[in-house]
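Observations on chain architecture
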Amino acid sequence: MLRTLQVQNFRCIGSASLEFAANCTVVTGENGAGKTSLLEAIYTLSRGRSFRSARRDQVIQHGSAAATIFAVLGVGHTTRRVGLEVGRSERRVRIDGQDRTSIGEITQILPVQLIDPTVHTLIEGGPDRRRQFIDFGVFHVEPAFMETWSQYRRAVSQRNSALRAMASESELDSWDASVAKLADKLTAMRESGLALLDDHWPALVDRVLPETDVSLSFKKGWKGDVPLAALLREHRSRDRESGLTGDGAHRADLRIDFRSRVARHQVSRGQQKLLATALVIAQVAAVQAQTGQES
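Attention in this report is confined to the structure presented alongside it. (Residues numbered from 1 in each chain as written. Predicted model: local features only at pLDDT ≥ 70, side-chain atom pairs only at ≥ 80, totals over all residues. Heavy atoms only, no water.)

As for the sheet that holds strand E6 (residues 98-100)
Strand order in the open sheet made by the six strands is E2-E1-E3-E4-E5-E6, with antiparallel pairing throughout. The open sheet has two free edges, formed respectively by strand E2 (13-19) and E6, since each of these has just one partner strand. For this sheet the average axis-to-axis angle between neighbouring strands, irrespective of direction, equals 15 degrees. In the sheet, strand E3 (residues 66-75) pairs with strand E4 (residues 78-87) via 10 bridges, with the strands oriented antiparallel. What sits directly across from Ile-69, in E4, is Leu-84. (Pairing = 2+ DSSP bridges. Helix = DSSP H or I, 4+ residues; strand = E, 2+ residues; numbered from the N terminus. Axes fitted to C-alpha atoms, helices over the stretch in contact; angles between N-to-C directions.)

Focus: unusual backbone geometry
The residue Arg-11 is not glycine, and still its phi comes out positive at about 55 degrees. One non-glycine residue, Arg-259, lies in positive phi territory at about 55 degrees. Within the element layout of this structure, Arg-259 appears in the loop between strand E8 (253-258) and strand E9 (261-262).

Side note on the environment of Ala-249
Structurally, Ala-249 can be placed in the loop between helix H9 (236-242) and E8. Overall, Ala-249 belongs to the buried group, its relative accessible area being 1%. With 93 residues separating them in the primary sequence, Ala-249 and Val-156 have C-alpha atoms 9.7 Å apart. Apart from residues lying up to four places away in sequence, Ala-249 is in contact with Arg-131, Tyr-152, Ala-183, Leu-186, Arg-190, Lys-220 and Trp-222. (Buried < 20%, exposed > 50% of the residue type's maximum accessible area, 1.4 Å probe, protein only. Contact = heavy atoms within 4.5 Å.)

These values are about where atoms sit, not about what they do.
As structure tokens, this is what we get:
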């Protein structure tokens with residue numbers, strides 16, 4: 001939980017220092033006062049990137065060399081100090097006075113979820129957006145997730161390289177086995193993480209869209225009950241032509257149905273926002289219930 005926050009040279013914020021209430025803090029102000037920039041700074045501290053821009057240097061105030069964000073967090077019965085300096089060509093991560101090479105540890109101890117005007121893309125957008133949603137929850141409840149996810153990405157990348165290099169069948173058999181083994185581990189984690197939502201999302205959806213029939217179903221990224229290794233071998237000629245692995249956990253999706261049909265084809269933009277917001281809040285509640293960590 002955020003206790004204090006210091007922000008310097010971030011967007012329109014030259015310097016700001018804030019203390020947060022124990023349960024809820026409401027930020028108010030005139031247009032252009034920096035409310036969104038403040039939220040963006042918190043998000044950037046947690047995720048290492050902005051939700052408004054893919055370019056890291058765009059958050060740095062004009063005329064400054066770097067933006068800095070520092071926070072004191074209450075984590076269980078302990079206090080943690082985290083900081084992020086965003087430069088134009090690099091960033092610096094510090095936790096409890098020590099430099100870190102990855103933002104991942106801050107993400108773990110400062111879980112931040114966002115509800116903004118684009119939240120409807122969870123319903124309307126492509127599978128990438130929904131995989132991000134799934135993986136945010138799994139990351140915070142499954143300690144082995146990040147390492148498994150990284151290993152899987154490397155294995156798929158190496159298989160793709162082997163496909164493009166027209167590698168031998170035996171070499172591809174080896175990569176198929178590696179990709180399939182890691183995909184099965186990722187899928188099990190994702191299914192367990194999504195199951196944690198079941199105690200939270202139905203009631204929340206019913207509050208914002210009462211008396212509607214909403215259902216969630218996980219699509220693991222390959223068809224049916226066919227083992228992935230067998231499917232990769234079956235589709236190897238196709239994958240050689242494209243140079244890409246067409247089946248696997250990188251194709252996973254969360255199907256969100258409304259009255260037994262895909263929700264994005266059935267609900268209005270306003271209903272999409274309500275449904276997506278309910279799912280995000282449900283995920284936050286599930287993570288908090290599982291870990292005891294405030295979001």
